[in-house]
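Geometric and topological summary
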Amino acid sequence: MIWDQSVVRVRAGTRTDRSGNAVPDWSPAAVTRLAVGQLSVQPIYQNETATTERTAVLTGWRVLSAPGTAPDVRSGDRIEYDGLTCEVQGEVGRWPDPITGAVHHVEWQMSRSTG
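Our subject in this report is the structure included herewith.

1. Quick word on the overall build of the protein chain
- Helices and strands together make up the secondary structure of the protein chain, namely 0 helices and 8 strands.
- What you see in the protein chain, going N to C, is helices and strands ordered as β-β-β-β-β-β-β-β.
- For the protein chain, the spread of C-alpha atoms along the three principal axes comes to 50 × 40 × 20 Å.
- Here the protein chain holds 115 residues, and the buried ones make up 30% of them.
- Sequence separation of 24 or more characterises 55% of the internal contacts of the protein chain that already satisfy a separation of 6 or more.
- With the model as given, the accessible surface of the protein chain reaches about 7,300 Å², and the carbon-plus-sulfur share is 49%.
- Distance from the positive charge centre (11 side chains) to the negative charge centre (13 side chains) of the protein chain: 6 Å.

2. Let's talk about the pairing of strand β2 (residues 13–16)
- In this sheet, strand β3 (residues 22–25) lies alongside β2 in antiparallel orientation, the contact comprising 4 bridges. Counterpart to T14 in the pairing with β3 is P24.
- Following β2, the chain reverses through 5 residues before pairing antiparallel with β3; G20 in that reversal takes a positive phi of roughly 90°.

3. Looking at the pattern of salt bridges
- Inspection of the entire model under this criterion finds 4 salt bridges.
- The salt bridge partner of R9 is D72, with a shortest N-O separation of 3.3 Å. Remark: D72 occurs in the loop between β5 (55–65) and β6 (78–81) and R9 occurs in strand β1 (residues 5–11); sequence separation between them is 63 residues.
- A salt bridge links R33 to E80, with the shortest nitrogen-to-oxygen separation between them at 2.4 Å. Pair noted here: R33 is in strand β4 (residues 32–50) and E80 is in strand β6, with a separation of 47 residues, a long-range link.

Conventions we followed
- Residues numbered from 1 in each chain as written.
- Predicted model: local features only at pLDDT ≥ 70, side-chain atom pairs only at ≥ 80, totals over all residues.
- Heavy atoms only, no water.
- Helix = DSSP H or I, 4+ residues; strand = E, 2+ residues; numbered from the N terminus.
- Buried < 20%, exposed > 50% of the residue type's maximum accessible area, 1.4 Å probe, protein only.
- Contact = heavy atoms within 4.5 Å.
- Areas by Shrake-Rupley, 256 points an atom, 1.4 Å probe, with all protein chains shown as cover.
- Lys, Arg positive; Asp, Glu negative; His and termini not counted.
- Charge placed at Lys NZ, Arg CZ, Asp CG, Glu CD.
- Pairing = 2+ DSSP bridges.
- Salt bridge = Lys/Arg side-chain N within 4 Å of Asp/Glu carboxyl O.

And the structure:
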């Protein structure tokens, strides 16, 4: 079965900064978490850059939801997957069903940077 993986979507709360602007709040008490299943998580790239000071690694995955599902994931969210915390990259694609017009499935890319 291809749709047997799951992740946890982590979404920032908001707080007011010194200027009165609403800004993301990633503190543990402010975030909301949602388990999302029926996914296929596929590796798409891994780049390593080594310098004398450090080795940086950028890894990315493409995530597809099962047909008929529409998980609540959006740009700016973080995703916990396989013990890692990743960031959603770009916009989340919501693909329409050609017959009903409802969401057929959802796709997004996520990445993790180290170093």
